[in-house]
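Coordinate analysis (summary)
Here are the chains, one letter per residue:
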Amino acid sequence: MSDRSTLPPARLRPEAELAREALSAPVLARAARLARWAGPDTRVDAGGGLVEEQLPAAAGQLGLSGDDAAAHASEAWRVAVDTGLVEITDEETGTVAPGENLALLSGSPQDVLGVWLTALEAVLADASVPDLDDLVDAMAEGGEVDLSSFDWDPDAESEFLDGVLGNLYLLTVGEDGPGDAPVPLPALAASVIVPSDMGEPSNEVLEQVSDAMMRLDDQFRLLEPIGLVAYQPVDEALMADADEEPAAPLDEADVTRYGMVRLTPLGLYGLRARLLDAGFEAPAVGDLADKGADALLDGTAPYPPGAAHAETQLWLAGRSALDAARELLAAARGSDPGAPLRRLRCQQALSLVGAEAEPALREVLDDAELGGLARVWLTEHGARDVPAPPQEMVFWLTIDTVAAQLAAEGNSEELRALVEGLARQHSGFFDTAWRVGHPATPDVLEAMGRLHPDKKIAKEARKAAFKARSQQGG
């Protein structure tokens, strides 16, 4: 899982839509049906599970048949008990009654989603338990049972599944990931097994990836009916062939045979809720819509461009263009390290407002920090009588822009191109730039020295950075 401060914002569906998905998820729908079916004659065992003789009736109530009917009915009952849809009224006699939470399924979307999240936790706990069929068979036959042979560490298994789901969440919300498209199971398994700094994976690592895929295949089959994921299982024919190498390079057609998984909109909601409970900062687009402009500019500073754009549009939707522009400009001021990126986000936000915001931009034309971006906006919107900026303001805005790009993207190719363009367009740029009274001037000039491919120009930039730092007393 990524660092706690770097999770991109999730784009969630409306809660009413998610609640409908939750109610239609097979596991919760079956649990609710059994909770309504349960009555005075329903009996449970000491562990709260339906007694064996009642499983056929429960399966029939759910419309299930076949070899797995009793197992599915038993699972649905366990979820009903775990979520409070059913209450055990007398442990001695094993009698039950509908639970208080059953009424929540007819309540608000938040009520429904709260029950679903509890059901999700129950299913995730089951998914972390290995297949114990061999153990059950050995016990039934009275044979020797070697528990150590199962090599099961509950905490490690849960941590493994959480890591996989965390990576799937990141792939879903990240703008460089597949988004709503399914992820190949080999790639997802490799994301938690193969070290990021490893070149060509060793045979041992590939074998671990293959083993992880088989575990995940079982787990995602369990997680699909709760609505967390949409899953295309591993082709059974491949499992039967011991010579297959699931982690080997495959063409696109072959990859799909090794399993494909994607988070559903409900699954995205559920994993975000779990991340929040675990202490992660997991923002959602729309979180800042009712906050002030300062919260918007600071909050979207680390966002990818698409998410920042979506968040800003929601924020602007609740305000007039003129009021929004004034609030944004006021929040963009400052000389702290985060100020350049705030001004960049401000400039991007202002590009989304119409001409009725013009008075707000004219009010800051003489402002040292905002006058440059105000002139850019006015010119782009075809305003008349826009005063030419003084040279000092041009250089200040240039330093501010590069500082913002550094904060947003680091040493990117786009920034490298910007640096080359600045040095090419302005002869004697560094002779003037070091005198600019911007707090970020030394850092920007040092970055230009790092990024510029021409050694002579890079040396000029470093000299200018030294002068700027000496002038600022640092």
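Residues numbered from 1 in each chain as written. Predicted model: local features only at pLDDT ≥ 70, side-chain atom pairs only at ≥ 80, totals over all residues. Heavy atoms only, no water.

Points about the nonpolar core
The biggest cluster of nonpolar side chains holds 74 residues, and the ones touching the most others in it are L85, W116, Y169, F220, L223, L228 and V229. The element best represented in this core is helix α5 (residues 109-127), accounting for nine residues. Setting aside its immediate chain neighbours within four residues, F220 contacts V164, L165, L185, L188, V229, Y231 and V261. Counting residues in hydrophobic clusters, the runner-up holds 31 residues, among them L296, A324, A325 and A360. (Core = buried A, V, L, I, M, F, W, Y, C linked by side-chain atoms within 4.5 Å. Buried < 20%, exposed > 50% of the residue type's maximum accessible area, 1.4 Å probe, protein only. Helix = DSSP H or I, 4+ residues; strand = E, 2+ residues; numbered from the N terminus. Contact = heavy atoms within 4.5 Å.)

Description of helix α19 (residues 391-409)
If you check α19, its first and last C-alpha atoms are 27 Å apart, about what 19 residues at 1.5 Å a residue would give, namely 27 Å. Of all the residues in α19, the buried ones are M393, F395, W396, L397, T398, I399, D400, V402, A403, A404, Q405 and L406. Those residues of α19 that are buried lie in contact with α16 (339-350), α18 (371-380), α20 (413-425), α21 (429-433) and α22 (441-451). (Expected span 1.5 Å × (residues − 1).)

Quick look at the pairing of strand β1 (residues 86-90)
Sheet topology note: the β1/strand β2 (residues 95-98) ladder contains four bridges and is antiparallel. The partner of V86 across the bridge, within β2, is P98. Hairpin connection between β1 and β2: a loop of four residues separates the two successive antiparallel strands, and G94 in this loop has a positive phi of roughly 70 degrees. (Pairing = 2+ DSSP bridges.)

Notes on the environment of R326
Inspection of the secondary structure assignment puts R326 in helix α15 (residues 321-332). Looking at R326, the relative accessible area reads 36%, which means it is partly exposed. In this structure the C-alpha to C-alpha distance between R326 and V364, which are 38 residues apart in sequence, comes to 9.4 Å. R326 has contacts with P359, A360 and E363, leaving out every residue within four places of it along the chain.

Brief notes about a positive patch on the surface
There is a patch of like positive charges on the surface, built from R435, K459, R462, K463 and K467. Structurally, R462 is set in helix α23 (residues 455-472). (Patch = residues over 30% accessible without salt bridge, like charges linked within 9 Å, V, L, I, M, F, W, Y side chains within 5 Å. Areas by Shrake-Rupley, 256 points an atom, 1.4 Å probe, with all protein chains shown as cover. Salt bridge = Lys/Arg side-chain N within 4 Å of Asp/Glu carboxyl O. Lys, Arg positive; Asp, Glu negative; His and termini not counted. Charge placed at Lys NZ, Arg CZ, Asp CG, Glu CD.)

What about the packing of aromatic side chains?
In this structure the tally under the stated criterion is three aromatic pairs. Between F220 and Y231, the ring centres sit 5.5 Å apart and the planes meet at 45 degrees, which makes this aromatic pair tilted. With a gap of 11 residues between them, F220 in helix α9 (residues 203-223) and Y231 in strand β4 (residues 229-232) connect regions that are remote in the sequence. Pair check on accessibility: F220 and Y231 agree, each one buried. Centre to centre, the rings of F395 and F429 are 5.5 Å apart; their planes meet at 25 degrees, and the pair counts as stacked. With F395 in helix α19 and F429 in helix α21, the pair connects residues that are 34 residues apart, well separated along the chain. We classify F429 as buried; its relative accessible area is 3%. Among the aromatic residues, those joined into a ring-pair cluster are F395, F429 and F430. Taking NZ or CZ as reference, R319 lies 3.9 Å from the ring centre of W315, over its face. (Phe/Tyr/Trp six-rings, centres within 6.5 Å; stacked < 30°, edge-to-face > 60°. Lys NZ or Arg CZ within 6 Å of the ring centre and 35° of its normal.)

Considerations on the pairing of β4
Here β4 shows a clear split, with V229 and Y231 buried on one side and none of A230 and Q232 buried on the other. Judged from the four bridges that link them, β4 and strand β5 (residues 260-263) form a sheet pairing that is antiparallel. Its bridge partner lying in β5, A230 is registered against R262.

Description of the packing of helix α7 (residues 154-173) against α9
As a packed pair, α7 and α9 sit with axes 12 Å apart at the nearest point and diverge in direction by 80 degrees. Viewed along their axes, α7 and α9 adopt a mutual orientation that is roughly perpendicular. Along the contact surface, α7 presents E157, F160, L161, V164 and L165, while α9 presents A212, R215, L216, Q219, F220 and L223. Residue composition of the contact of α7 with α9, grouped by class: eight nonpolar, one polar and two charged. (Axes fitted to C-alpha atoms, helices over the stretch in contact; angles between N-to-C directions. Parallel < 35°, antiparallel > 145°, perpendicular 65-115°, else oblique. Nonpolar A, V, L, I, M, F, W, Y, C, P; charged D, E, K, R; others polar.)

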